[in-house]
Amino acid sequence: MKKGDIIRLSIFDLNNLGSGVGRADDGRVVFVRGAVTGDTVDAKIIKVNSKFYVGRLESIVEPSENRTKEQFCDAPEACGGCIYRHITYEHELELKRGYVENAFKKAGLPNVKVEHVLSTGEICGYRNKAQFPIRNVRCKPTPGFFAVKTHDLIPVTACRLQPKMFSEIAKTVCEMAADRGVCAYDEERATGVLRHIYIRYGEATDEIMVCLVLNEDHRSINQDFARELVKIYPNIVSFMLNFNRKVTNEILGDEFSCIYGRDHIEDELCGVRFTVTADSFWQVNHKGAELLYAEARRRAAMTGGTLLDLYCGTGSIGLTMAKDADRLIGIEIVAGAVECAKKNALRNGIENAEFYCGDASDSEGIIASAEKITGKIDADVVVLDPPRKGSTPELIGYLAERKIKKIVYVSCDPVTLARDCKLFSELGYSIGTVTPVDMFPRTGHVESVVCLTRRLDNELPLA
């Protein structure tokens, strides 16, 4: 097989990057973006590798029953945001359960039970955060999204995953900027002003934050600019500037300035009110987060005792479980998030919560430091919510040495979750049923919750 060849394929799988998987006559797999499990397609080979081919979908010879009857999104295929735009939502949930199940099988844990995926059922407009790159199109600042694996801008009309108002605000900001002679950032020359428009929304409060990411200061981006925007969109309560002068792919710089309203918005999760700043972590799916946190709380099943919340961020998981515990201790590496967590506890009248700044993965350092202040931490339950890379062998070993009875692990990556569960199992923990939660419909991401319980010493394998 060589580039340019046309091949007919029966698609037998769909990966979490949105590519259908078929097999060529020589046994190598062929990845075809836009093809769906059960399709018969004609594909043109555009990449040849010693182990696989990549094909471009030319025509659908026989559509799958898993293929949607109506088009989900009008954006070009190159957008890459809704990789499951072509399939039914029922099939998407089946695939995501399969991804979690396969991750545990590959980690050597084939007997771990994976439940059906929990979902709110809402697949449109669920995102409460948007980041629009801005580029000059026909000499005017234009918001959009980068095409897959490129920095080529696809001008935005609307995104089905975001509230309609996000794209409307972005367009209005760009029109106002153009009227004031503010040009968009030129990535190749590292010149220009407006790099990104960053929007956050508090679903429970209906509050909006607009943050403009600038390459340099501009006299026209000022309080008058903010006031004019607020006249059009009255629920904007925070207008922020962020300065990113580096030649980098990172969106936000380190310098923030509030030029209108507050430097934060507010939102609620599971009855607890939170402050959300521009740079703090906040779950992008409000209803999905409540589903996820409720499942974590159910697994913890606390009736008193001490809850240790590691990688706690602004305290969102721990604070929603604080009423079930006598004491909540949270540890987080981002200092600003720790301060937010303390304020969140205070504003909600939660008096049994303490938060400390440090690397939760560095068990000897931060936990020992917290113990010097608070006394020995005898945690009855530990909640882990690490970043995508998962936890560390050092922390897992430390928790096992302390013989923590119950660990509730919340994960955004099935592969690192399965890897860490394997290590917990080897160190004396039983792995409970894994519950996937669909926080990001139409994308390849899936969250999971699992409870690990300490086996009795007489049940542990001999060394």
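See the structure above.
Read on for a plain summary of the structure. Predicted, not measured: the structure shown is a model, and the values here were computed from it. (Residues numbered from 1 in each chain as written. Predicted model: local features only at pLDDT ≥ 70, side-chain atom pairs only at ≥ 80, totals over all residues. Heavy atoms only, no water.)

**Some points on the overall build of the chain**
Here is step 1: Within the chain one finds nine helices and 23 strands.
Here is step 2: A compact globule built from 463 residues would reach a C-alpha radius of gyration of about 23 Å, and the chain, at 24 Å, matches this within 12%.
Here is step 3: Its C-alpha atoms put the chain at 70 × 65 × 35 Å along the principal axes.
Here is step 4: Within the chain, the fraction of its 463 residues that count as buried is 54%.
Here is step 5: Accessible area of the chain: about 21,300 Å², with a carbon and sulfur share of 50%. (Helix = DSSP H or I, 4+ residues; strand = E, 2+ residues; numbered from the N terminus. Rg over C-alpha atoms; globule rule 2.2 N^0.38 Å. Buried < 20%, exposed > 50% of the residue type's maximum accessible area, 1.4 Å probe, protein only. Areas by Shrake-Rupley, 256 points an atom, 1.4 Å probe, with all protein chains shown as cover.)

**Observations concerning the side chain of S391**
Here is step 1: Tracing the sequence through the fold places S391 in the loop between strand 19 (381-384) and helix 8 (393-401).
Here is step 2: Dropping the residues within four chain positions of it, S391 is found in contact with Y311, P386, I396, Y409, R419 and D420. (Contact = heavy atoms within 4.5 Å.)

**Brief notes about the sheet that holds strand 13 (residues 255-261)**
Strand pairing in a sheet is mediated by backbone hydrogen bonds. Such pairs are either parallel or antiparallel.
Here is step 1: Spatial strand order, 9-8-7-10-11-12-13: seven strands in an open sheet with mixed pairing. Sheet topology places strand 9 (153-155) and strand 13 at the edges, where each strand pairs with a single neighbour. This sheet shows a mean twist of 35° between the axes of neighbouring strands, independent of strand direction.
Here is step 2: Of the pairings in the sheet, the one linking strand 12 (residues 236-243) to strand 13 comprises six bridges and is antiparallel in character. In the sheet register, M240 faces strand 13, and the bridge partner there is C258.
Here is step 3: Against the sheet, helix 2 (residues 164-179) engages strand 7 (129-137), strand 8 (140-146), strand 10 (194-202) and strand 11 (207-214), with an angle of about 145° to strand 10.
Here is step 4: The strands touched by helix 3 (residues 223-232) within the sheet are strand 11, strand 12 and strand 13, with strand 12 carrying the most contacts at an inclination of about 140°. (Pairing = 2+ DSSP bridges. Axes fitted to C-alpha atoms, helices over the stretch in contact; angles between N-to-C directions.)

**As for the packing of helix 1 (residues 89-106) against helix 9 (residues 414-426)**
In a packed pair of helices, the relevant descriptors are the angle between the two axes and the axis-to-axis distance.
Here is step 1: Packing of helix 1 against helix 9 brings their axes to within 8 Å, and their N-to-C directions diverge by 35°. As for the relative orientation of helix 1 and helix 9, their crossing is right-handed in sense. Every residue of helix 9 that contacts helix 1 at Y99, V100, A103 and F104 is listed here: P414, V415, L417, A418 and C421.
Here is step 2: Broken down by class, the residue content of the contact of helix 1 with helix 9 amounts to nine nonpolar, no polar and no charged. (Left-handed = near helix turned anticlockwise from the far one by under 90°. Nonpolar A, V, L, I, M, F, W, Y, C, P; charged D, E, K, R; others polar.)

**As for helix 8**
Think of an α-helix as turning once every 3.6 residues; residues three or four places apart then point the same way.
Here is step 1: Within helix 8, burial applies to L395, I396, G397, Y398, L399 and A400.
Here is step 2: Positive backbone phi, at 55°, marks K403, one or two positions downstream of helix 8.

**Some thoughts on the packing of helix 8 against helix 9**
Here is step 1: Running from N to C, helix 8 and helix 9 cross one another at 35°; their axes reach a closest spacing of 10 Å. In this structure, helix 8 meets helix 9 at a crossing whose hand is right-handed. Contacts from P393, I396 and L399 of helix 8 reach helix 9 at D420, L423 and F424.
Here is step 2: The residue inventory of the contact of helix 8 with helix 9, partitioned by class, reads five nonpolar, no polar and one charged.

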